[in-house]
Amino acid sequence: MHAQGVWVFVEHLGGEIAPVTFELLGKGRELADDLETELAAVLLGDGVRDFAEQLFRYGADKVYLIDDPVLKDYRTYPYAKGIVKLAQKYTPEIILIGATTLGRDLAGVVATWLKTGLTADCTELSIDKATRLLHQTRPAFGGNIMATILCKTARPQMATVRPRVFPLPEPKPRIGVVVEEELGILEEEVPTRIIKYEEEKGPGVYLDKAEIIVAGGRGLGSKKNFRLVEELAEVLGGVVGASRPAVEAGWVPYAHQIGQTGQTVRPKLYIACGISGAVQHLVGMQMSEVIVAINNDPNAPIFNIATYGIVGDVLEVLPAITEEARRVLAGQRGVR
Ligand SMILES: Cc1cc2nc3c(=O)[nH]c(=O)nc-3n(C[C@H](O)[C@H](O)[C@H](O)COP(=O)(O)OP(=O)(O)OC[C@H]3O[C@@H](n4cnc5c(N)ncnc54)[C@H](O)[C@@H]3O)c2cc1C
């Protein structure tokens, strides 16, 4: 049968849809329009019918729904079975899944059961209109090359994408169609049980939601100097980020690492201090709205993507910026 339609898997937790779902619907809408086909959201869960309306507003033409108590908590087996059942019946051309902990677990199983290709952690997706193939681009070989991967024969073409790689689309009033199917699996058939959830303790680092990130790299030279990055972040009300060497040197915990093996961020302002701009770092932050780079090497690759660049010693430039920011912000407060 002729494969048709772009599908986005709907991830949700505690009664809320994960933002990556909306980001993928935004991208999925573009891909579906290029293919002149429909965009569908794949919604599995227990008591999740009401989500459909939100999914339409974010661009879905259709929602494939399986609502069943067995799907109350995420477990690989029933979720993968449900998606595979839908995919075998309605034959989508493309399935997109968020590269979250859940999505990474699910995508591999679904792709294996459907005997199709999967590209993990894509940073770019586009359609070649002539061939209808999905161009799935991701860093490969430790980020030394960007590979564009095609799945020429098997269907669906499957990709996972990390949160915040694509922008959050604006919701619009729209309506769509709900197509409901049965899961057809009994609780006894599911090999795993959820005993309990335990929340991770410790101070949270909210890099993913930060509007301002001040990030430091090897150029800071020491843990003591790294404090300059923290100070500017504090003054601007932003969050501290770091390159891998700064984390490996123990100047800052791993939760602050940005890049291929750290977090992907998309703030309004990203200030890169003493960071060279290796591709493995860039893939985690290049979508930032405004990028300011401070580096003493005018040829550092970070300047290729910086909105504003300052060539200078970070140990002198940073305190000067912090002081000026403090002065200006204090003035603003005075005016109010
Ligand atoms: C598989 C793999 C995954 C990786 N994942 C990540 C990742 O997730 N995140 C990540 O960041 N890296 C990652 N890396 C490492 C990455 O390749 C780079 O090594 C790293 O990003 C470099 O960090 P840096 O820019 O802080 O250090 P460097 O590349 O050493 O750059 C330091 C910069 O500071 C400048 N500098 C030095 N002194 C001063 C000064 N006084 N004033 C101003 N500027 C100064 C220098 O000119 C230089 O440009 C990964 C690598 C591999 C192979």
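About the thresholds
- Residues numbered from 1 in each chain as written.
- Predicted model: local features only at pLDDT ≥ 70, side-chain atom pairs only at ≥ 80, totals over all residues.
- Heavy atoms only, no water.
- UniProt positions renumbered as here; feature names shortened; annotations may be inferred.
- Helix = DSSP H or I, 4+ residues; strand = E, 2+ residues; numbered from the N terminus.
- Rg over C-alpha atoms; globule rule 2.2 N^0.38 Å.
- Buried < 20%, exposed > 50% of the residue type's maximum accessible area, 1.4 Å probe, protein only.
- Contact = heavy atoms within 4.5 Å.
- Areas by Shrake-Rupley, 256 points an atom, 1.4 Å probe, with all protein chains shown as cover.
- Lys, Arg positive; Asp, Glu negative; His and termini not counted.
- Charge placed at Lys NZ, Arg CZ, Asp CG, Glu CD.
- Pairing = 2+ DSSP bridges.
- Axes fitted to C-alpha atoms, helices over the stretch in contact; angles between N-to-C directions.
- Near = heavy atom within 4 Å.
- Polar contact = N/O pair within 3.5 Å; in protein donor to acceptor, adjacent residues only side chain to side chain.
- 1 Å grid on protein atoms, 1.4 Å probe; cavity = no way out; pocket = protein on both sides within 12 Å on 5 of 7 lines; lining within 4 Å.
- Sits in = over half its atoms within 2 Å of the grid points.
- Nonpolar A, V, L, I, M, F, W, Y, C, P; charged D, E, K, R; others polar.
- Core = buried A, V, L, I, M, F, W, Y, C linked by side-chain atoms within 4.5 Å.
- Salt bridge = Lys/Arg side-chain N within 4 Å of Asp/Glu carboxyl O.
- Points joined across faces, edges and corners; volume = space filled by probe spheres on them.

In the nomenclature of an unreviewed UniProt entry, the protein is known as Electron transfer flavoprotein alpha subunit of Carboxydothermus ferrireducens DSM 11255. Under Sequence similarities (unreviewed entry), UniProt gives the following word-for-word description of the protein: "Belongs to the ETF alpha-subunit/FixB family."

**What to know about the overall build of the protein**
Counting its regular elements, the protein contains nine helices and 17 strands. For a compact globule of 336 residues, the expected C-alpha radius of gyration is about 20 Å, and the protein comes in at 22 Å, within 12% of that figure. Expressed as lengths along the three principal axes of its C-alpha atoms, the size of the protein is roughly 65 × 45 × 40 Å. The buried share among the 336 residues of the protein stands at 50%. For the protein, contacts bridging at least 24 residues in sequence account for 63% of all contacts bridging at least 6. About 17000 Å² of surface is accessible on the protein, with carbon and sulfur atoms providing 53% of the total. Side chains of the protein carry 36 positive and 42 negative charges; the gap between the two charge centres is 2 Å.

**Considering the sheet that holds strand β1 (residues 6–9)**
Sheet strands pair by backbone hydrogen bonding; their relative direction is either parallel or antiparallel. Taken in spatial order, the seven strands make up an open sheet running β7-β11-β6-β1-β4-β5-β12, and their pairing is parallel. What marks the edges here is a single partner per strand, and that holds for β7 (118–122) and β12 (177–180). Across the sheet, the mean angle separating the axes of adjacent strands is 25 degrees when strand polarity is ignored. For strand β5 (residues 62–67) and β12, the ladder comprises four bridges, and the chain directions are parallel. By the bridge assignment for β12, Lys62 is matched with Val177.

**Things to note about the site of the ligand**
The immediate surroundings of the ligand are formed by 25 residues, with Arg218, Ser243, Thr261, Ser276 and Gln280 found nearest. Gln260 has a polar backbone atom sitting 3.1 Å from an oxygen atom of the ligand. Gly262 places a polar main-chain atom, nitrogen or oxygen, 3.3 Å from an oxygen atom of the ligand. In the complex, the protein chains occlude 77% of the 980 Å² of accessible area that the ligand would expose alone. Cavity membership is defined here by more than half of the atoms lying within 2 Å of grid points; on that basis the ligand lies in the second largest pocket. Within the residue set of the shell around the ligand, elements represented by two or more residues are α6 (244–248) and α7 (279–285). For the shell around the ligand, the residue count by class is five nonpolar, 16 polar and four charged.

**Let's talk about the nonpolar core**
Counting residues in hydrophobic clusters, the biggest one holds 34 residues, and the most contacted among them are Val6, Leu25, Leu43, Leu55, Val63, Leu96 and Leu125. Among the secondary structure elements, those contributing two or more residues to this core are β1, α1 (19–35), β4 (39–45), α2 (51–57), β5, β6 (94–98), β8 (124–128) and β11 (157–161). Take this core: its biggest share by element is seven residues, from α1. Not counting the four nearest positions on each side in its chain, Leu55 is found in contact with Val10, Ile17, Thr21, Phe22, Leu25, Ala41, Leu43, Ala60 and Val63. Val42, Tyr74, Ile95 and Ile185 belong to the second-largest nonpolar core, a separate cluster that totals 29 residues.

**Considerations on the environment of Ala278**
Inspection of the secondary structure puts Ala278 in the loop between β15 (269–273) and α7. Ala278 sits in the partly exposed class, given a relative accessible area of 34%.

**Focus: the environment of Ala300**
On the secondary structure map, Ala300 appears in the loop between β16 (290–295) and α8 (302–305). You can call Ala300 buried: its relative accessible area is 3%. Setting aside chain neighbours within four positions, we find Ala300 in contact with Ser276 and Asn295.

**Comments concerning the sheet that holds strand β13 (residues 212–216)**
The sheet built from five strands is open, its strands ordered β14-β13-β15-β16-β17 with parallel pairing. Since the sheet does not close on itself, it has two edges, and those belong to β14 (239–242) and β17 (308–311), each with one partner. Within the sheet, the average angular offset between the axes of one strand and its neighbour, ignoring direction, is 15 degrees. In terms of strand pairing, β13 meets β15 through five bridges, oriented parallel. Among the inter-strand pairings, Ala215 is bridged to a residue of β15, identified as Ala272. The sheet strands contacting helix α5 (residues 223–236) are β13, β14 and β15, and the helix crosses β13 at an angle near 175 degrees.

**Considering the pattern of salt bridges**
Scanning all chains against the criterion turns up 21 salt bridges. For Arg57, the salt bridge is made with Glu53, and the minimal N-O distance between the two is 3.7 Å. Separated by four residues within a single helix, Arg57 and Glu53 lie in helix α2, roughly one turn from each other. For Arg193, the salt bridge is made with Glu187, and the minimal N-O distance between the two is 3.4 Å. Here Glu187 falls in the partly exposed class, since its relative accessible area comes to 29%. Connected through salt bridges with shared partners, the residues Arg29, Asp33, Asp61 and Arg174 form a single ionic network.

**A few points about the layout of surface pockets**
If you add up the space inside the second largest pocket, you get close to 480 Å³. Lining of the second largest pocket is provided by 26 residues; of these, Ser243, Arg244, Pro245, Ser276 and Ala278 occupy positions nearest its centre. At the level of secondary structure, the elements contributing two or more residues to the lining of the second largest pocket comprise α6, α7 and β16. No other element matches α6, which puts three residues into the lining of the second largest pocket. Grouping the constituent residues of the lining of the second largest pocket by class yields six nonpolar, 16 polar and four charged.

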